[in-house]
Amino acid sequence: MSIPAGEEIGMETHRADQTTFIVEGEAQVTIDGSHTKAGPNHLVVVPKGAEHNIVNKGPAALKLYSVYAPPAEPEGAAFRTKEEAEEAEKGLLTKLAEKAKDAVSG
């Protein structure tokens, strides 16, 4: 994932453990209200259910990758940017809403 300077992932939680490796840039990582700085070659572990955010604090793009256990995305999913991930998430939420609507009306 690439996060532009001054941008962030946004506060979120997952139903899986998340391990994030910082490749390039300067980050501020928040996990359940605790803040720490992270840079290249730092590994951040976010426990399942923890509220967390990663903010790009550097002048250039923050490059990182995350691994979820168990997987948080369908097999083969890969997103290069936050926008791509958010767009895919919208699609998933729309599908879930349609299934729920069908279940209630059907």
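Whatever comes next refers back to the structure up there.
All values derive from a computational prediction rather than experimental measurement. (Residues numbered from 1 in each chain as written. Predicted model: local features only at pLDDT ≥ 70, side-chain atom pairs only at ≥ 80, totals over all residues. Heavy atoms only, no water.)

S.K.: What is the right way to read the sheet that holds strand 7 (residues 62-69) from this model?
M.R.: With antiparallel pairing, the four strands of this open sheet are ordered in space as 1-7-2-5. Looking at the sheet topology across the chains shown, the edges are occupied by strand 1 (2-3) and strand 5 (43-46). Bridge count between strand 1 and strand 7: two bridges; the pairing is antiparallel. Bridged to Ile3 within strand 7 is Leu62. (Pairing = 2+ DSSP bridges. Helix = DSSP H or I, 4+ residues; strand = E, 2+ residues; numbered from the N terminus.)

S.K.: Explain the side chain of Gln18 here, please?
M.R.: Among the structural elements, Gln18 can be located in strand 2 (residues 17-24). Among the polar contacts made by the side chain of Gln18, one reaches the side chain of Ser66 at a distance of 3.3 Å. Not counting the four nearest positions on each side in its chain, Gln18 is found in contact with Glu12, Val44, Val45, Val46, His52, Ser66, Val67 and Tyr68. (Polar contact = N/O pair within 3.5 Å; in protein donor to acceptor, adjacent residues only side chain to side chain. Contact = heavy atoms within 4.5 Å.)

S.K.: Looking at this structure, how should I read the sheet that holds strand 3 (residues 27-31)?
M.R.: The pairing of strands in a sheet comes from backbone hydrogen bonds and takes either a parallel or an antiparallel form. Spatially, 4-3-6 is the arrangement adopted by the three strands of the open sheet, whose pairing is antiparallel. On the outer flanks of this sheet lie strand 4 (34-38) and strand 6 (52-56), each paired with one strand and no other. Direction aside, the axes of adjacent strands within the sheet are offset by 20° on average. (Axes fitted to C-alpha atoms, helices over the stretch in contact; angles between N-to-C directions.)

S.K.: Looking at this structure, I do not really get the packing of aromatic side chains. What am I missing?
M.R.: Within the structure shown, the criterion is met by one aromatic pair. For the ring pair Phe21 and Tyr65, a centre distance of 5.5 Å and an interplane angle of 40° mean the geometry is tilted. With Phe21 in strand 2 and Tyr65 in strand 7, this pair connects stretches of sequence that are 44 residues apart. Note on Phe21: relative accessible area 21%, which makes it partly exposed. (Phe/Tyr/Trp six-rings, centres within 6.5 Å; stacked < 30°, edge-to-face > 60°. Buried < 20%, exposed > 50% of the residue type's maximum accessible area, 1.4 Å probe, protein only.)

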